[in-house]
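A closer look at the structure
Given next are the chains, with one letter for each unit.
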Amino acid sequence: MFKVLKYLGKSKAAVAAIIMLLILQAYCDLALPQYTADIVDVGIGQGGIEYGVPETMRAETFENVRMFMTAEEEAAMRASYAMDENGNYVLAKEADREALETEMALPMALLTMLSSAEGMSPEILRDMMESGAVSKEEILRYREMAAGGEAGPAAEPGGAEGLSNSMISQMAVNSVKAEYEALGMDIASVQTRYLLGKGGRMLGLSVLMMAVSILAGLLSARTSAKIGSDLRGSLFHKVVSFSDAEMDRFSTASLITRSTNDIQQIQMVSVMLLRMVLYAPIVGVGGVLKVVRTKTGMGWIILVAVAAIILLVGILMLVAMPKFKKMQTLVDRMNLVSREILTGIMVIRAFSREKFEEERFDKANKDLMGTQLFTNRVMTIMMPMMMLIMNGITVMIVWFGAKGVDMGNLQVGDMLAFITYTMQIVMAFLMITMISVMLPRAGVAAERIEEVLATRATIQDKEITRDGELKEAKGILKFENVGFRYPGAEEEALRGISFTANPGETTAIIGSTGCGKSTLIRLIPRYYDVTEGSITIDGIDIRDLSQHRLHELMGYVPQKGVLFSGDIESNLKFGGDFITDKDMEEAASIAQAMEFIDSKPKRFQSEIAQGGTNVSGGQKQRLSIARAIAKHPKICLFDDSFSALDYKTDVVLRKALHEKLSDATVVIVAQRISTILHADRIIVLDDGKIAGIGTHEELLGSCEAYWEIAHSQLSEKELGGR
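None of the values given here were measured: they were computed from a predicted structure.

1. A look at the overall build of the protein
- A tally of regular secondary structure across the protein gives 26 helices and 15 strands.
- Once the C-alpha set of the protein is aligned to its principal axes, its extents read approximately 155 × 50 × 50 Å.
- With 722 residues in all, the protein has 47% of them scored as buried.
- In the protein, once contacts between residues fewer than 6 apart in sequence are set aside, the share between residues at least 24 apart is 77%.
- With an accessible surface of roughly 35,700 Å², the protein has 57% of that area assigned to carbon and sulfur atoms.

2. Remarks on the environment of Thr329
- Mapping Thr329 onto the fold places it in helix 13 (residues 299-343).
- Residues Thr329 and Arg448 lie 119 residues apart in sequence; the distance between their C-alpha atoms is 9.9 Å.

3. Looking at helix 4 (residues 71-80)
- The complete set of buried residues in helix 4 reads Glu73, Glu74, Met77 and Ser80. The buried residues of helix 4 occupy an angular sector of 125° when the element is viewed end-on, so they sit on one face. Among the exposed residues of helix 4, those oriented more than 90 degrees off its buried face are Ala71, Glu72 and Ala79.

4. With respect to the confidence of the model for the protein
- Per-residue pLDDT for the protein has a mean of 81; in total, 92% of the residues score no lower than 70.
- Ranking the helices and strands of the protein by mean pLDDT puts strand 4 (residues 477-484) first, with 90, and helix 1 (residues 2-8) last, with 70.
- Per-residue pLDDT stays below 50 along residues 149-161; that stretch engages in 22 contacts with residues further than four places along the chain or on separate chains.

5. Description of the packing of aromatic side chains
- Scanning the model with the defined rule gives eight aromatic pairs in all.
- With centroids separated by 4.8 Å and ring planes inclined at 80°, the aromatic side chains of Phe484 and Tyr486 adopt a geometry described as edge-to-face.
- By relative accessible area, which is 2% here, Phe484 ends up buried.
- Exposure remark for Tyr486: the relative accessible area of 29% places this residue in the partly exposed category.
- With 5.2 Å between their ring centres and 55° between their planes, Phe484 and Tyr528 make a pair best called tilted. Here Phe484, found in strand 4, pairs with Tyr528, found in the loop between helix 17 (517-523) and strand 7 (532-537); they are 44 residues apart in sequence, far enough to count as distant.
- Here Tyr528 falls in the buried class, since its relative accessible area comes to 7%.
- Through pairs of rings, three or more aromatic residues link up here, namely Phe62, Tyr81 and Tyr89.
- Here the guanidinium or amino end of Arg353 rests over the ring plane of Phe356, the centre of that ring lying 4.3 Å away.

6. Brief notes about the packing of helix 3 (residues 59-66) against helix 6 (residues 122-131)
- Packing of helix 3 against helix 6 leaves a shortest axis separation of 10 Å and a crossing angle of 60°. Comparing their axes, helix 6 and helix 3 come out oblique. The two elements helix 3 and helix 6 cross, and the hand of that crossing is left-handed. Contact residues: helix 3 offers Glu60, Glu63 and Asn64, while helix 6 offers Pro122, Glu123 and Arg126.
- Class assignment of the residues belonging to the contact of helix 3 with helix 6 gives a composition of one nonpolar, one polar and four charged.

7. Some details on the sheet that holds strand 7
- Reading across the sheet, the four strands line up as 5-4-7-8 and stay open at both edges, with antiparallel pairing between neighbours. For this open sheet the edge positions go to strand 5 (494-501) and strand 8 (540-541), each flanked by a neighbour on one side alone.
- Sheet analysis places strand 4 next to strand 7, joined by five bridges and oriented antiparallel. For Gly483, the partnering residue across the bridge sits in strand 7 and is Glu532.

8. Structural notes on the environment of Phe604
- By secondary structure assignment, the location of Phe604 is in the loop between helix 21 (594-598) and strand 11 (607-608).
- When its relative accessible area of 4% is taken as the criterion, Phe604 is described as buried.
- C-alpha of Phe604 to C-alpha of Glu94: the two residues are 510 residues apart in sequence and 85 Å apart in space.

9. Topic: the side chain of Thr519
- Within the element layout of this structure, Thr519 appears in helix 17.
- Judged by its relative accessible area of 9%, Thr519 is buried.
- Once you skip the residues sitting within four places of it in the chain, Thr519 turns out to touch Phe484, Tyr486, Ala493 and Leu494.

10. Focus on unusual backbone geometry
- Phi is positive for Arg526, which is not a glycine, with a value near 65°.
- Of note, the phi angle at Asp687 is positive, near 55°, even though the residue is not glycine.
- Inspection of the secondary structure assignment puts Asp687 in the loop between strand 14 (681-686) and strand 15 (689-694).
- Residue Asp687 is classed as exposed on the basis of its relative accessible area, which comes to 53%.

11. Looking at a negative patch on the surface
- On the surface, Glu354, Glu358, Glu359 and Asp362 cluster together into a negatively charged patch.
- Here Glu358 shows up in helix 15 (residues 354-406).

12. Side note on the pattern of salt bridges
- Applying the stated criterion across every chain, the model contains 25 salt bridges.
- Ionic pairing is found between Glu340 and Arg360, a salt bridge with its closest N-O pair at 3.0 Å. Note that Glu340 is positioned in helix 13 and Arg360 in helix 15, a separation of 20 residues in sequence.
- On the basis of relative accessible area, Glu340 is assigned to the partly exposed category, the value being 40%.

Thresholds, definitions, all that
Every chain is numbered on its own, with residues counted from 1 as its sequence reads. Totals for whole chains, interfaces and linings use every residue, but because this is a predicted model, local features are given only for residues with pLDDT of at least 70 and side-chain atom pairs only at 80 or more, for both listing and counting. Heavy atoms throughout the structure, all of them, feed into the side-chain values; hydrogens and water do not. Only DSSP runs of H or I with at least four residues qualify as helices, and only runs of E with at least two residues qualify as strands; both kinds are numbered from the N terminus onward. To sort residues, take the accessible area from a 1.4 Å probe on protein chains only and compare it with the maximum for the residue type: under 20% means buried, over 50% means exposed, and anything in between is partly exposed. Throughout, a residue-residue contact means that at least one pair of heavy atoms, one from each residue, lies within 4.5 Å. The accessible surface values rely on the Shrake-Rupley method and a 1.4 Å probe; as for residues, cover is taken only from the protein chains in view. Directions from the helix axis toward the C-beta atoms define the arc. pLDDT is defined as a per-residue confidence score from the predictor, taking values between 0 and 100. Here a Phe, Tyr or Trp ring, Trp counted by its six-membered ring, pairs with any other such ring whose centre lies within 6.5 Å, and the pair is stacked when the planes are under 30 degrees apart, edge-to-face when over 60, and tilted otherwise. When the NZ atom of lysine or the CZ atom of arginine is within 6 Å of a ring's centre and also within 35 degrees of its normal, the charge is said to sit over that ring. Lines fitted to C-alpha atoms define the axes, with helix axes restricted to the stretch in contact, and inter-axis angles between N-to-C directions lie between 0 and 180 degrees. If an angle is under 35 degrees, it is roughly parallel; if it is over 145, roughly antiparallel; if it lies from 65 to 115, roughly perpendicular; otherwise it is oblique. The handedness criterion is simple: a crossing whose near helix is rotated anticlockwise from the far helix by less than a right angle is left-handed, and one whose near helix is rotated clockwise is right-handed. In this classification, Asp, Glu, Lys and Arg are treated as charged, Ala, Val, Leu, Ile, Met, Phe, Trp, Tyr, Cys and Pro as nonpolar, and every other residue, Gly included, as polar. By definition, two strands form a pair when at least two bridges between them are found by DSSP. Residues enter patches when their relative accessible area tops 30% and they take part in no salt bridge; the joining distance is 9 Å for like charges and 5 Å for the nonpolar side chains Val, Leu, Ile, Met, Phe, Trp and Tyr. Any carboxyl oxygen of Asp or Glu that lies within 4 Å of a side-chain nitrogen of Lys or Arg is treated as forming a salt bridge with it. In this count, Lys and Arg are taken as positive residues and Asp and Glu as negative ones, while His and the chain termini are left out. By convention, the point assigned to a charge is CZ for Arg, NZ for Lys, CD for Glu and CG for Asp.

Structural data, given as structure tokens:
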């Protein structure tokens, strides 16, 4: 998870903006349940009268309420009301209704009880006070007993018993409603106005929450997409810098998986982290604060719900975690097998091994499927269990909440709000636990990506290079006692290799299969670095040159011709924008490719399929040779690049190369002696060592290894009768 957070840390501004939007979304989300409670309790239950404080009341009601008030409460009430021209008391606009309700609710409730008491009314009680039959102290003592839950004596007016806060509030509202009716006000319009006001605010909050959610989702998607793009770019640039040693360490299939599937996992988890994991604690903390304010006494239910969820997820994670870690390795294996089969389909058919390869694919496929099914079953179990917990919590809230409503300690709207807040808190924990299931797989993916990014390429440019000394390169290539050992190998592949290849000359390398010919030529462009000795160009060690400058000097044709999707022109000009149409046509002519290019309707604009699958092997080799020649290299390297050419084309091509590349150093690796008969210098390799150096005629008489190769390929006449 920390690696994923590190990726998010590169987009601090976007993450900060998303957090602010999520806070605003959470505010809207948490405000809506309270509005619902208000509509149920106040809008419907109380007829739209929100406080037990009348906006307008008659003078006689004002005097009646005063009877049940202390001197401080009476002073506060007088400060909040002013008499109008009709003799009624009107509440000031700046009055604090919530604070005033704490002082007026109980007197208003007692006034309601007094009005409904048999043989008693506010007027009678006021007359009794004026006549001295009942003192102010007795009335206040009666009020204290009613508020404190103690039963008053039967002789007390109204026979009041202990009242809960909810009951006092309801009775005060009923008193306000009765006052409004006495004043001739339309109660229905009061209720409608309240419902429209609350409903309008709910609608506004809902629209705002939707807009904020969309914007947060957009920013999250863009941020995660940028993370994915940056990771793919970093991974690509890193892989491009790898030498053959790193490419051998990481298989092509694995690198493809890391560049696609692994980065996709991180991208998906990044979106969830931004949208869910960041949002969940905001909603969870906000929900807890809201629940505390509801004062329902059912907060313990939330603790039960959270504990049940943590226990469930903990058990499931313990079971599923190892499988999540194993899944990416199985995806690698699946890609590897698929790539091998698709690449070698012709060989598989030729050897009738379809059944064997199908079984190999099925095994890799079923291993992956089995792991995915296991993790999916875990997720399948999780969701119903989560729903069971949530529904069980709802039942508990309704059960205990109904008891509170029945005892008058809780209102229905408050219970509904508590249910909503509890579900929000539970869902917050659920979101966190859901993402925690995905994090292990994303963590594995991040480790695999970091493994590639942290790998230091073995072929590195020096901080100070000698490129400036090679501005006008001649192309004199020299091997000085070169030895090479593959990473991890016990024996050297090459040892004691020394020779010089001069400009205008053709140096050929021949030997039996596995003697190190291709290894030797791959050391020149530094696909590997020598382990002993040195390779120099014009007297400068190639390790003292930048790789860019080194490769600028060379035209390389690999053993297996590689073409890129596009057209013939884009492939022949692959060496750089400096290659002109004239250079391209001349190179194609030297490589003997013009014949089949001219036969195509679009000529150089003819399409080349991926991997060059729509051209023959010989055509692919000729285009590869033309591509290398087109950049006018100082050193041309041909790694058995004439093997797919017929004898006639081979002869004509080599003649054209000799004529047109008269100032270039040409190094040819060949299997056929006919390809190198006229080379200026032939190097014979045998078991990683030089067995002989010379011309064809010289080697026939001096090198046994060369003679054996020649004897197997040439006639007695061509051998000169030896």
